[in-house]
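If you want the building blocks of each chain, they are given just below.
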Amino acid sequence: MSDPGGLKELQQGFEAAIAAADSEAALEEVRVRALGKKGEISQLMKGLGKLPPEERKARGAALNRLKGEIGALLGRRKQELRDAALEERLKTERVDVTLPARPEAQGAIHPVSHVWEEVVEIFADLGFSVAEGPHIETDWYNFEALNIPPEHPARQEHDTFYFHKREDGSRRVLRTHTSPVQIRAMETRPLPIRVIAPGRTFRCDSDQTHTPMFHQVEALVLDESTHMGHLKWTLEEFCKAFFETDNVKMRFRASHFPFTEPSMEVDINCSWQGGQVKVGEGDDWLEILGSGMVHPNVIRAGGHDPDKVQGFAFGIGIDRLAMLKYGIPDLRAFFESDLRWLRHYGFRALDVPTLAGGLSA
Ligand code: DAH
């Protein structure tokens, strides 16, 4: 092929320079030398005007082609250099995600958080999903919809934290239990409902066995045919999975809650040898939860027809579960943020409880 004006040589020179450029900066220099305002190819293009018309056309086409090819080569090389740089970074910046996030960190996962996750894991396996509600509740959700009218004696037992009265006379409360989430779940979820609601709860009470903030997990199952046998089975499955033993014995005692009828409290067997409580051994009983069949008034308050749907509910104290399972003696230490306590009773950040991998592993 003919090469009028030595363009071939120019092209080869640039091709070699592009291939040899080992950084984006070096490549940019080549680009400026070839295609920059004062670059060689740009200069040649500017010179086209001085050529006689019959030469100008062929020369112009050749220069345009050269410009296009060099431009494409520059682009490709730039991408190559970027890829190589990224590759290099990935090699040197590799992280082992199983290492502690901050090796120097002194903290650990709080037993309450860990037990919370254990409970969610167990109920997820049984087909429950997690529901939530606000910490600040209206009187309706916290009491009235749960069949606790204004003068009901159960209100006294709840040691409620009240907010200031509003202009319309209403008062918000810090929720005293997770039961209001039952109503919220009934209002927003289609049947059949199978939810648990773990969360913080608040009562104006503080002594050896009570803290003003504590944790509960609520459960609600509602459909057309759920009965007490299902409740009993669910609780037995939960206890076996949670305490990681098939030996837990359960005792159902008739009780009273305004929001369930009939109501039962559930005890599990335990021993108290050496001042340490062991679940699933011995002949002593320990109360762990309240439960029952959802009261018709509660079903109605949740917007459903108690002649058509029925179900069960229960509420468990998460902090109490943690104390029992991990032999933690003092409830108040849970909320003192003492790092020595946390280091002793806490869990490593990556010990996520799974049924397959072991809950307390
Ligand atoms: N809300 C009760 C409490 O805080 C616990 C409870 C008892 C919840 C019975 C329930 C239930 O859902 O059926 O003491």
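Residues numbered from 1 in each chain as written. Predicted model: local features only at pLDDT ≥ 70, side-chain atom pairs only at ≥ 80, totals over all residues. Heavy atoms only, no water.

Caption draft 1: Focus on the overall build of the protein. Across its full length, the protein holds 12 helices and 11 strands. A principal-axis box enclosing the C-alpha atoms of the protein has dimensions of 110 × 55 × 40 Å. Within the protein, buried positions represent 40% of all 361 residues. The long-range fraction of contacts in the protein, counting pairs at least 24 apart against all pairs at least 6 apart in sequence, stands at 64%. Taken as a whole, the protein presents about 20,500 Å² of accessible surface, with 52% of it coming from carbon and sulfur. (Helix = DSSP H or I, 4+ residues; strand = E, 2+ residues; numbered from the N terminus. Buried < 20%, exposed > 50% of the residue type's maximum accessible area, 1.4 Å probe, protein only. Contact = heavy atoms within 4.5 Å. Areas by Shrake-Rupley, 256 points an atom, 1.4 Å probe, with all protein chains shown as cover.)

Caption draft 2: View of the pattern of salt bridges. The tally for this structure, following the rule as stated, stands at 16 salt bridges. A salt bridge links Arg155 to Asp139; the nearest nitrogen and oxygen atoms lie 2.8 Å apart. You can see Arg155 sitting in helix H7 (residues 154-157) and its partner Asp139 sitting in helix H6 (residues 139-142), a full 16 residues away along the chain. On the accessibility criterion, Arg155 (10% relative accessible area) is buried. A salt bridge links Asp267 to Arg253; the shortest N-O distance between them is 2.8 Å. (Salt bridge = Lys/Arg side-chain N within 4 Å of Asp/Glu carboxyl O.)

Caption draft 3: Focus on the environment of Leu191. Here Leu191 lies in the loop between helix H8 (180-188) and strand E5 (193-202). Setting aside anything within four residues of it in sequence, one finds Leu191 in contact with Leu222, His304 and Val309.

Caption draft 4: Quick look at the pairing of strand E3 (residues 162-165). As paired strands, E3 and strand E4 (residues 171-174) are joined by 2 bridges and run antiparallel to one another. Bridged to Lys165 within E4 is Arg171. Where E3 hands over to E4, the hairpin turn is made up of 5 residues, of which Gly169 adopts a positive phi near 90 degrees. (Pairing = 2+ DSSP bridges.)

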